[in-house]
Amino acid sequence: QVQLVESGGGLVQPGGSLRLSCAASGSISRITSMGWYRQAPGKQRELVALISYGGSISYADSVKGRFTISIEYAKKTVYLQMNSPKPEDTAVYYCNAYIVPSFESGRVYWGQGTQVTVSS
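What counts, and where the lines are drawn
- Think of each chain on its own: its residues are numbered from 1, step by step along the sequence as written.
- With the structure being a predicted model, the display of local features is reserved for residues of pLDDT at least 70 and the display and counting of side-chain atom pairs for 80 or more, all residues being used for whole-chain, interface and lining totals.
- Values shown for side chains rest on all heavy atoms present in the structure; no hydrogens or waters enter the calculation.
- Working definition: helices are DSSP H or I runs of at least four residues, strands are E runs of at least two. Numbering for both runs from the N terminus.
- Ring pairs are drawn from Phe, Tyr and Trp, using the six-membered ring of Trp, whenever the two centres fall within 6.5 Å, and their geometry is named by plane angle: stacked under 30 degrees, edge-to-face over 60, tilted for the rest.
- Whether a residue is buried, partly exposed or exposed follows from its accessible area with a 1.4 Å probe, protein chains only, as a fraction of its type maximum: under 20%, in between, or over 50%, in that order.
- Look at NZ for Lys and CZ for Arg. If either is within 6 Å of the ring centre and within 35 degrees of the ring normal, a charge sits over the ring.
- Residues belong to a common nonpolar core when they are buried Ala, Val, Leu, Ile, Met, Phe, Trp, Tyr or Cys residues joined through side-chain atoms within 4.5 Å.
- Polar contact is defined as a pair of N or O atoms within 3.5 Å, subject to the rule that within protein one atom must be able to donate a hydrogen and the other to accept it, and that residues adjacent in sequence are counted only when both atoms are side-chain atoms.
- Whether two residues are in contact is decided by their heavy atoms, any of which lying within 4.5 Å being enough.
- Paired strands, as defined in this entry, are two strands with at least two bridges between them according to DSSP.

What follows covers unusual backbone geometry. Of note, the phi angle at Lys76 is positive, near 50 degrees, even though the residue is not glycine. By the secondary structure assignment, Lys76 is in the loop between strand 7 (67–72) and strand 8 (77–83). Phi angles above zero are rare outside glycine, and Ser84 is one such case at about 50 degrees. Tracing the backbone through its elements, the reader meets Ser84 in the loop between strand 8 and strand 9 (91–101).

Enumeration over the complete set of coordinates arrives at two aromatic pairs. With centroids separated by 5.1 Å and ring planes inclined at 70 degrees, the aromatic side chains of Tyr37 and Trp110 adopt a geometry described as edge-to-face. Of this pair, Tyr37 sits in strand 4 (residues 28–39) while Trp110 sits in strand 10 (residues 107–110); the two residues are 73 residues apart in sequence, bridging distant segments of the chain. With a centroid separation of 4.8 Å and an interplanar angle of 90 degrees, the aromatic rings of Tyr53 and Tyr73 are classed as edge-to-face. Of this pair, Tyr53 sits in the loop between strand 5 (46–52) and strand 6 (57–59) while Tyr73 is found in the loop between strand 7 and strand 8, placing the two residues 20 residues apart along the sequence. Judged by relative accessible area, which is 25%, Tyr53 ranks as partly exposed. Classification of Tyr73 as partly exposed rests on a relative accessible area of 41%. Geometry around Tyr109 places Arg107 over its ring, the cationic atom sitting 3.8 Å from the centre.

A word on the nonpolar core. Nonpolar side chains in soluble globular proteins tend to end up buried together. With 31 residues, the main nonpolar core has Leu4, Met34, Trp36, Val78, Leu80, Tyr93 and Ile99 as its most contacted residues. The set of elements that each furnish at least two residues to this core consists of strand 3 (17–25), strand 4, strand 5, strand 7, strand 8, strand 9 and strand 11 (114–118). Take this core: its biggest share by element is five residues, from strand 9.

In this fold, Thr77 is placed in strand 8. Look at Thr77 and you get buried, because its relative accessible area is 7%. Polar side-chain contacts of Thr77 include one of 2.9 Å to the backbone oxygen of Lys75. Residues contacting Thr77, with those up to four places away along its chain left out, are Cys22, Ala23, Ser70, Ile71 and Glu72.

Relative to the helices and strands, Leu18 resides in strand 3. Residue class for Leu18 comes out buried when judged on its relative accessible area of 14%. A C-alpha to C-alpha distance of 15 Å links Leu18 and Arg38, two positions 20 residues apart in sequence. Setting aside residues up to four positions removed in sequence, Leu18 forms contacts with Gly8, Gly9, Gly10, Val12, Leu80, Gln81, Met82 and Val116.

So, on to the pairing of strand 5. Here six bridges tie strand 4 to strand 5, and the two strands are oriented antiparallel to one another. Bridged to Arg38 within strand 5 is Glu46. As consecutive antiparallel partners, strand 4 and strand 5 are separated by six residues, and within that stretch Gly42 has a phi angle of approximately 80 degrees, a positive value. Taking the residues that link successive antiparallel strands as the turn, the strand 5-strand 6 hairpin has four residues, and the phi of Gly55 there is positive, at about 110 degrees.

Take a look at the structure:
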């Protein structure tokens, strides 16, 4: 059973920092990409950052220069370092990954979501 488990959400002050983690576990043949999406109340889920296992990275314009995505390949863990967060970054953050399980076809997996609240 493949799953993504997130951690690190919480309350952070504007201008502070917070790091989110997401670990993939289960019987995994390979991972193609991992990333983070977010959904604020009343809004659609949107891409925050995505990193391929080949190393290419993309960010939403709204977080460029403030957030950094990285992967620890051996641990199948993706991180989102959030520096200088703003109140508008408040949302539920979801981990996302394209995973090919052992003996199954690949598909997108989602984590359970972790709340990030940016407020003083």
